[in-house]
Amino acid sequence: MLSVTNLRKTYGSGDQAVEAIRDMTLTVDKGEFVCIVGPSGAGKTTMLRCLCGLLKPSSGTVTLDGAPVTGPPKEIASVFQDYSRSLMPWFTVRRNVGLPLRNRYRSTADRAERVGTALDAVGLSGFGDRYPWQLSGGMQQRVAIARGLAYAPEILLLDEPFASVDAQTRADLEDLILRVRDDTGVTMLLVTHDIDEAVYLADRVVVMSARPSVVLETVEVDLPRPRDQVTTKRLPRFAELRTHVLTLIRRTALDGSAPTPDHHSTIGERR
Amino acid sequence: MRPTLLLPVLTTAALLGSWEALSGTGILPAEVPPVSDIAAWLWANIGTAALWTAVSQTLAHWAVALAVGATIGALVGAAMASVPVVNELLLGMVEFFRPIPVVVYLPIMLLLLGARPVVVVVLAAVAALWPMLLQTLYGVRDVDPVTTDTARVFGLTTPQRLVWVTAPSMLPYFFTGLRIASTITLLVAIAMELIGAVPGLGNTLATYAGNGRYDATYGVIVIAGLLGVGLNAVFERLERRALRWHSAYRTQHT
Ligand SMILES: Nc1ncnc2c1ncn2[C@@H]1O[C@H](COP(=O)(O)OP(=O)(O)O)[C@@H](O)[C@H]1O
Ligand SMILES: [Mg+2]
């Protein structure tokens, strides 16, 4: 179980201080699929960086199964938004996926097998010897997902993983992630600014306000599984949930408690 | 012939042709011999031991100086980029010494050590050090933070990050530094041989010029030029090979 208690993060100090996160508390249970949704600049990336031990919170605690997170824990893997910068262009797909396994599995055969399985899972079996930059954006993001899976984490963090691919690829990747979750049971924590995506994927949606961010509400998503891009999104309950989340975010934006007039209009709309 | 090669060849031919024509008229001073004389000297001397000895002496100065200077420069640059304290300690010194042309140290070195190859090597190495230091400094600082985050999240150790992330990521800077350093090292080596009368192409050049052998003087200049172009070409090839993955050299295949 991953839990965050009263997390606060301020960048810089004095006049230049930027309060990114004011107060976030949430827990993610084993096997859960949690989506955090919030406008751009709300501090979603900041939050994930604190969770995976890359960034020290200004105050508050992050614990994994009761133990405080002080550096990157081996139980957590990440998929970054910017796949082209997160994959290493000097290594082939196979080496990119296998790189983090060096410290985990001594035998080369074990590693090769894990890499093979992960590439199979994302449908890239034939592409191990290509370089990432020889692949399309969607394929590159699948390589990054495979790398996360091969690491065999308990928790996979995904930071707006589908924000820079086209709509069709995005839908495919969303379904890929759902299938992977069913197959492996890995806990998923996915951050997005897309309300439809959050409701479609999650067991629970944590709605974040604009900066300085707080948790507005945690919405239980009681949509049946397995989910389907067409049938699930046609359910009246889907529309209800997405409208609820949208209203929450709009309201704080208009309250002036967290003013981001240039962000709220994009919420919930696919780009 | 490729169209890109045609124009430069044409301009070169035109230049050499008019030089040759002008030298027949007596307009050019005696110190500028006809192109045909220079070509004749090169033809007669290209196989001689004397010329190749000088070339190999200069190449040896270049190689040792580049190896030593580039290594020191890369190490210091990497240390400055990764350890803030080292950067603060050395930055002022680097800023002060870097713009000083190495030739100013020559008289002291000659007094201390005499007109020996080691003087040329030391000074050329100092010249090679700066471009390498700066490029390494920029290269290590320019490692993409997303890539660094990735390496940390996936638990790579510090040595692993150095070898798998920092080193490949800074390779383009490294090669740029190496090419600049190589060019400067050759230039400084020849200049120091020339001024300090240390055996090598520079000294050969000075001797011919002093004795009024202008065809030979220009011949040696041509050799030195070819040497520079050749070395640069070698480094460009190496760079192309090592950086096949880099966006500047990629060949897309789908
Ligand atoms: N390293 C940093 N230094 C200073 N400010 C930062 C830094 N990283 C992010 N911020 C600021 O913190 C806020 C939240 O950023 P971020 O977590 O990237 O938001 P999100 O991922 O939700 O778009 C933004 O206002 C951003 O400008
Ligand atoms: Mg972000």
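Residues numbered from 1 in each chain as written. Chains lettered and ligands numbered in written order. Predicted model: local features only at pLDDT ≥ 70, side-chain atom pairs only at ≥ 80, totals over all residues. Heavy atoms only, no water.

Chain B is annotated in an unreviewed UniProt entry as ABC transporter permease of Plantactinospora mayteni. What the UniProt record of chain B gives under Sequence similarities (unreviewed entry) is the line "Belongs to the binding-protein-dependent transport system permease family." Listed under Subcellular location (unreviewed entry) in UniProt, the entry text for chain B is "Cell membrane". (UniProt positions renumbered as here; feature names shortened; annotations may be inferred.)

Going by an unreviewed UniProt entry, chain A carries the name ABC transporter and comes from Plantactinospora mayteni.

**Quick notes on the overall build of chain B**
When you go through chain B residue by residue, the secondary structure sums to 10 helices and 0 strands. When the helices and strands of chain B are placed in sequence order, the string is α-α-α-α-α-α-α-α-α-α. A compact globule built from 254 residues should have a C-alpha radius of gyration of about 18 Å, whereas chain B, at 23 Å, is more than 25% larger. Over its C-alpha atoms, taken along the principal directions, chain B stretches across nearly 75 × 60 × 30 Å. For chain B, buried positions account for 36% of its 254 residues. In chain B, the proportion of contacts linking residues at least 24 apart, taken out of those at least 6 apart, comes to 72%. For chain B, the accessible surface area stands at approximately 13,700 Å², while carbon and sulfur atoms represent 71% of it. Each charge sign in chain B was given a centre, from 13 positive and 12 negative side chains, and these centres are 11 Å apart. (Helix = DSSP H or I, 4+ residues; strand = E, 2+ residues; numbered from the N terminus. Rg over C-alpha atoms; globule rule 2.2 N^0.38 Å. Buried < 20%, exposed > 50% of the residue type's maximum accessible area, 1.4 Å probe, protein only. Contact = heavy atoms within 4.5 Å. Areas by Shrake-Rupley, 256 points an atom, 1.4 Å probe, with all protein chains shown as cover. Lys, Arg positive; Asp, Glu negative; His and termini not counted. Charge placed at Lys NZ, Arg CZ, Asp CG, Glu CD.)

**Re the interface of chain A and chain B**
Each side of the interface is counted separately: chain A has 27 residues, and chain B has 24 residues. Summed over both sides, the interface between chain A and chain B buries roughly 2,400 Å², with carbon and sulfur atoms accounting for 62% of that surface. Looking only at chain A, the three residues that lose the most surface to chain B are Arg85, Trp90 and Trp133 of chain A, adding up to 30% of its buried area. At the junction of chain A and chain B, the tally comes to 2 salt bridges. In this structure, Arg49 of chain A engages Asp149 of chain B in a salt bridge whose closest nitrogen and oxygen atoms are separated by 2.2 Å. On the surface where chain A and chain B come into contact, there are 8 residue pairs in polar contact (both at pLDDT 80 or more). Those elements that place two or more of their residues in the side of chain A that touches chain B are β6 (76-79), α2 (83-86) and α5 (137-150) of chain A. (Buried area = accessible area lost by both parts, 1.4 Å probe. Salt bridge = Lys/Arg side-chain N within 4 Å of Asp/Glu carboxyl O. Polar contact = N/O pair within 3.5 Å; in protein donor to acceptor, adjacent residues only side chain to side chain.)

**Concerning the pattern of salt bridges**
Within the structure shown, the criterion is met by 19 salt bridges over all chains. A salt bridge links Asp222 of chain A to Arg237 of chain A; the nearest nitrogen and oxygen atoms lie 2.8 Å apart. With Asp222 of chain A in the loop between β10 (213-220) and α8 (231-234) and Arg237 of chain A in helix α9 (residues 236-255), this residue pair connects regions lying 15 residues apart in the sequence. Of the charged contacts in the structure, one is a salt bridge between Glu239 of chain B and Arg179 of chain B, with a shortest N-O distance of 3.0 Å. With Glu239 of chain B in helix α10 (residues 214-242) and Arg179 of chain B in helix α8 (residues 158-196), this pair connects stretches of sequence that are 60 residues apart. Each of Arg170, Glu174, Asp194 and Glu197 of chain A takes part in one network of salt bridges that share partners.

**Observations concerning a nonpolar patch on the surface**
Residues and elements named next belong to chain B. On the surface, Ile108, Leu112, Leu113, Val118 and Val122 cluster together into a nonpolar patch covering about 410 Å² of accessible area. Looking at the nonpolar patch, the elements with two or more residues in it are α5 (106-113) and α6 (117-141). Take the nonpolar patch: its biggest share by element is 3 residues, from α5. (Patch = residues over 30% accessible without salt bridge, like charges linked within 9 Å, V, L, I, M, F, W, Y side chains within 5 Å.)

**A few points about the UniProt feature "domain: ABC transporter" (unreviewed entry) in chain A**
In this structure's numbering, the residues bearing the UniProt feature "domain: ABC transporter" (unreviewed entry) are residues 2-235 of chain A. Counting secondary structure, residues 2-235 of chain A comes out at 32% helix and 26% strand; the distance between its end C-alpha atoms is 31 Å.

**Quick look at the domain arrangement of chain A**
Many structure descriptions define interface size as the accessible area lost when the parts assemble. Residue and element names in this part refer to chain A. The assigned domain composition of chain A is domain 1 (1-75 + 157-170 + 186-230 + 239-271) and domain 2 (85-152). The centre of domain 1, based on its C-alpha atoms, is set 27 Å off from the matching centre of domain 2. Counting residues at the interface gives 5 residues for domain 1 and 6 residues for domain 2. At the boundary of domain 1 with domain 2, total buried surface from both sides reaches about 440 Å², with 65% on carbon and sulfur atoms. Contact with domain 2 buries surface across domain 1, with Lys74, Pro161 and Val165 losing the most and accounting together for 59% of the total. At the junction of domain 1 and domain 2, the tally comes to 2 residue pairs in polar contact (both at pLDDT 80 or more). Considering only residue class, the side of domain 1 that touches domain 2 consists of 3 nonpolar, 1 polar and 1 charged. (Domains from an automatic or database assignment. Nonpolar A, V, L, I, M, F, W, Y, C, P; charged D, E, K, R; others polar.)

**Some details on a positive patch on the surface**
On the surface, Arg237, Arg240, Arg241 and Arg244 of chain B cluster together into a positively charged patch. By the element assignment, Arg240 of chain B lies in helix α10.

**Some details on the sheet that holds strand β4 (residues 59-64) of chain A**
Residues and elements named next belong to chain A. Here we have 10 strands laid out as an open sheet, ordered β5-β4-β1-β2-β10-β9-β3-β8-β7-β6, and mixed in their pairing. Edge strands, defined here as strands with exactly one partner in the open sheet, are β5 (67-68) and β6. Two elements, strand β9 (residues 204-208) and β10, share 5 bridges in a ladder whose sense is antiparallel. In the sheet register, Arg204 faces β10, and the bridge partner there is Glu220. (Pairing = 2+ DSSP bridges.)

**Here's the deal with the site of ligand 1**
Residues and elements named next belong to chain A. Around ligand 1, a shell composed of Tyr11, Ala20, Pro39, Ser40, Gly41, Ala42, Gly43, Lys44, Thr45, Thr46 and Arg211 is seen. Measuring from an oxygen atom of ligand 1, one finds a backbone N or O atom of Gly41 at 2.7 Å. Thr45 places a side-chain nitrogen or oxygen 2.7 Å from an oxygen atom of ligand 1. Compared with its free state, where it exposes 560 Å², ligand 1 has 59% of that area covered by protein. In terms of residues, the shell around ligand 1 owes the most to one element, helix α1 (residues 44-51), which gives 3 residues. The class makeup of the residues in the shell around ligand 1 is 4 nonpolar, 5 polar and 2 charged. (Near = heavy atom within 4 Å.)

**Topic: the packing of helix α3 (residues 49-82) of chain B against α10 of chain B**
All names here are of chain B. Contact geometry for α3 and α10: axes closest at 12 Å, N-to-C directions at 40°. Considering the angle they form, α3 stands oblique to α10. In terms of crossing hand, the pair formed by α3 and α10 is right-handed. Only Ile223, Leu227, Leu231 and Phe235 of α10 make contact with α3, whose side of the interface consists of Leu51, Val55, Leu59, Trp62 and Leu66. Of the residues belonging to the contact of α3 with α10, the class tally is 9 nonpolar, no polar and no charged. (Axes fitted to C-alpha atoms, helices over the stretch in contact; angles between N-to-C directions. Parallel < 35°, antiparallel > 145°, perpendicular 65-115°, else oblique. Left-handed = near helix turned anticlockwise from the far one by under 90°.)

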